[in-house]
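Listed here are the chains, written in short residue letters.
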Amino acid sequence: MWDDLYDGLADAIEEGVNILLSRGWTPYDILTKALVEGMRIVGVDFRDGILFVPEVLMSANSMKAGMSILRPLLAETGAPKIGKMVIGTVKGDIHDIGKNLVCMMMEGAGFEVVDLGINNPVEKYLDAIAEHQPEILGMSALLTTTMPYMKVVIDTLKEKGMRNDYIVLVGGAPLNEAFADAIGADAYCRDAAVAVETAKSLLARRQGSLQSQG
Ligand code: B1M
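Here, residues in each chain are numbered from 1, in the same order as that chain's written sequence. Given that the model is predicted, a residue must reach a pLDDT of at least 70 before its local features are reported, and side-chain atom pairs must reach 80 or more before they are shown or counted; all residues, however, enter totals for whole chains, interfaces and linings. Derived side-chain values reflect all non-hydrogen atoms in the structure, with water molecules and hydrogen atoms excluded from consideration.

Caption draft 1: Spotlight on the coordination of the cobalt atom of the ligand. Distances define the donors: N, O and S atoms within 2.8 Å of the metal qualify, as do those within 3.2 Å of Na, K or Ca. Water is excluded, so some sites may look unfinished. Looking at the cobalt atom of the ligand, one finds just one donor atom contributed by the protein, His95 (NE2), at 2.2 Å. Every helix listed is a DSSP run of H or I at least four residues long, and every strand listed is a run of E at least two residues long, numbered separately from the N terminus. Within the secondary structure, histidine 95 is located in the loop between β1 (83–89) and α5 (97–108).

Below is the structure:
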């Protein structure tokens with residue numbers, strides 16, 4: 001499957017996902033061991049100038065084809081929703097595979113997720129949080145040139161006196177904890193599993209402190 005992902009063969013990836021499911025693999029293992037690991041290999045060769053944008057786009061589309069089979073399976077918990085998150089990739093950035101993965105894992109963990117897609121200016125985030133009233137705001141950036149935009153969004157929340165109304169989680173390959181601290185986010189999430197754990201623990205802490213205030 002890593003080779004099929006590398007070669008951008010979406011049909012073969014769909015077939016591979018279905019074969020692994022029929023062999024009893026869990027959706028999570030297929031996602032992480034087959035798809036995410038395959039995409040990591042694509043990323044290395046993209047970085048090294050062996051693969052180019054059109055090829056990587058085909059790999060990305062194949063990854064999405066596999067993810068679309070897994071998405072309903074991961075979301076199938078039937079449990080009541082434990083919280084709501086609005087998430088989007090920031091302005092200037094069209095990378096969405098990692099963000100989509102975060103959406104899938106959050107849904108699977110029982111969160112309601114409002115996905116704003118890619119290339120979001122601050123207004124889009126503000127409109128969405130006004131409309132959906134989430135507890136969590138998530139932002140994704142994959143480029144060193146777009147990650148500073150997260151600070152624009154957080155600073156705008158501060159200016160409007162709304163910063164403390166939301167848990168702000170940020171993620172994406174070029175980020176780290178120090179960056180998240182520097183821009184005033186609540187936490188940096190290394191991957192989708194960490195995003196779920198962090199969302200759950202910060203939400204629990206927040207609900208605890210709200211209860212003790214009340
Ligand atoms: Co682009 N790209 N790309 N790319 N691309 C990178 C990011 C790059 C590192 C490749 C490289 O090594 N050169 C590089 C950035 C370099 C830098 O900024 N220093 C790069 C570049 C340069 C570019 C272009 C500028 C190339 C060009 O046009 N010359 C261009 C930019 C376009 C734009 O955005 N304006 C571009 C375009 C593209 C494609 C369109 C071809 C395609 C994107 C397709 C798509 O997403 N639909 C693409 C891809 C696929 C990649 C790589 C190869 C893979 C990214 C990916 O999907 N990873 C990437 C190389 C790399 O990252 N090693 C690269 C798999 C994914 C599962 O991981 O996204 O890290 P990731 O998500 C993880 C965590 O980061 C975290 O959880 C996820 C799941 O575990 N996470 C969050 C992510 N977001 C989160 C949000 C959260 C929490 C956790 O919120 C709560």
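Now that the structure has been shown, we can carry on.
Caption draft 2: Fine view of the domain arrangement of the protein. In this entry, domain limits derive from an automatic or database-based domain assignment. Once the domains are mapped, the protein shows domain 1 (1–79) and domain 2 (81–214). In this assembly, 14 residues from domain 1 lie in contact with 11 residues from domain 2. When the area that domain 1 buries against domain 2 is broken down by residue, the three leading residues are Lys64, Met67 and Arg71, summing to 42%. Salt bridge, as applied in this entry: a Lys or Arg side-chain nitrogen positioned within 4 Å of an Asp or Glu carboxyl oxygen. Inspection of the region where domain 1 meets domain 2 yields 2 salt bridges. Ionic pairing is found between glutamate 107 and arginine 71, a salt bridge with its closest N-O pair at 3.5 Å. Elements with a contribution of two residues or more to the side of domain 1 that touches domain 2: α3 (27–47) and α4 (53–75). Sort the elements by how many residues they give to the side of domain 1 that touches domain 2 and α4 lands first, with 8 residues. Class assignment for the residues of the side of domain 1 that touches domain 2 results in 11 nonpolar, 1 polar and 2 charged. Residues are treated as being in contact if the distance between any of their heavy atoms lies within 4.5 Å. Take the accessible area each of two parts loses on contact, using a 1.4 Å probe, and add the two losses: that sum is the buried area. Classes in brief: Ala, Val, Leu, Ile, Met, Phe, Trp, Tyr, Cys and Pro nonpolar; Asp, Glu, Lys and Arg charged; the others, Gly included, polar.

Caption draft 3: Region of interest: unusual backbone geometry. Positive phi, close to 55°, is recorded for asparagine 119, a residue that is not glycine. Mapped onto the elements of the fold, asparagine 119 is located in the loop between β2 (111–115) and α6 (122–132). The backbone of glutamine 133 sits at a positive phi, close to 50°, despite the residue not being glycine. Of note, glutamine 133 is situated in the loop between α6 and β3 (136–140). The buried label goes to any residue with under 20% of its type's maximum accessible area, the exposed label to any with over 50%, and the partly exposed label to all in between, with areas taken from a 1.4 Å probe on protein chains only. Exposure remark for glutamine 133: the relative accessible area of 54% places this residue in the exposed category.

Caption draft 4: Region of the structure containing the layout of surface pockets. Here the largest pocket is characterised by a volume of approximately 1400 Å³. Along its surface, the largest pocket is lined by 47 residues, and His95, Ile97, Gly98, Leu142 and Ala173 are the ones closest to its centre. Secondary structure elements with two or more residues in the lining of the largest pocket: α3, α4, β1, α5, β3, β4 (167–171) and α9 (192–213). Considering each element in turn, the lining of the largest pocket owes the most residues, 12 residues, to α3. Three or more residues apiece are contributed to the lining of the largest pocket by two domains, here domain 1 (1–79) and domain 2 (81–214). For cavity detection a 1 Å grid was placed over the protein atoms alone, and a set of points counts as a cavity when a 1.4 Å probe fits there but cannot get out; an open set counts as a pocket when protein lies on both sides within 12 Å along at least five of seven lines, with lining residues being those that have an atom within 4 Å of a point. Grid points are joined across faces, edges and corners, and a volume is the space filled by probe spheres set on the points. Considering only enclosed or pocket space, the second largest pocket measures out at about 190 Å³ in volume. Looking at the second largest pocket, the residues that line it are Arg163, Asn164, Tyr166, Ile167, Asp186, Leu202, Arg205, Arg206 and Ser209. When residues of the lining of the second largest pocket are assigned to their parent elements, the largest contribution, 4 residues, is made by α9. For the lining of the second largest pocket, the class distribution of residues is 3 nonpolar, 2 polar and 4 charged.

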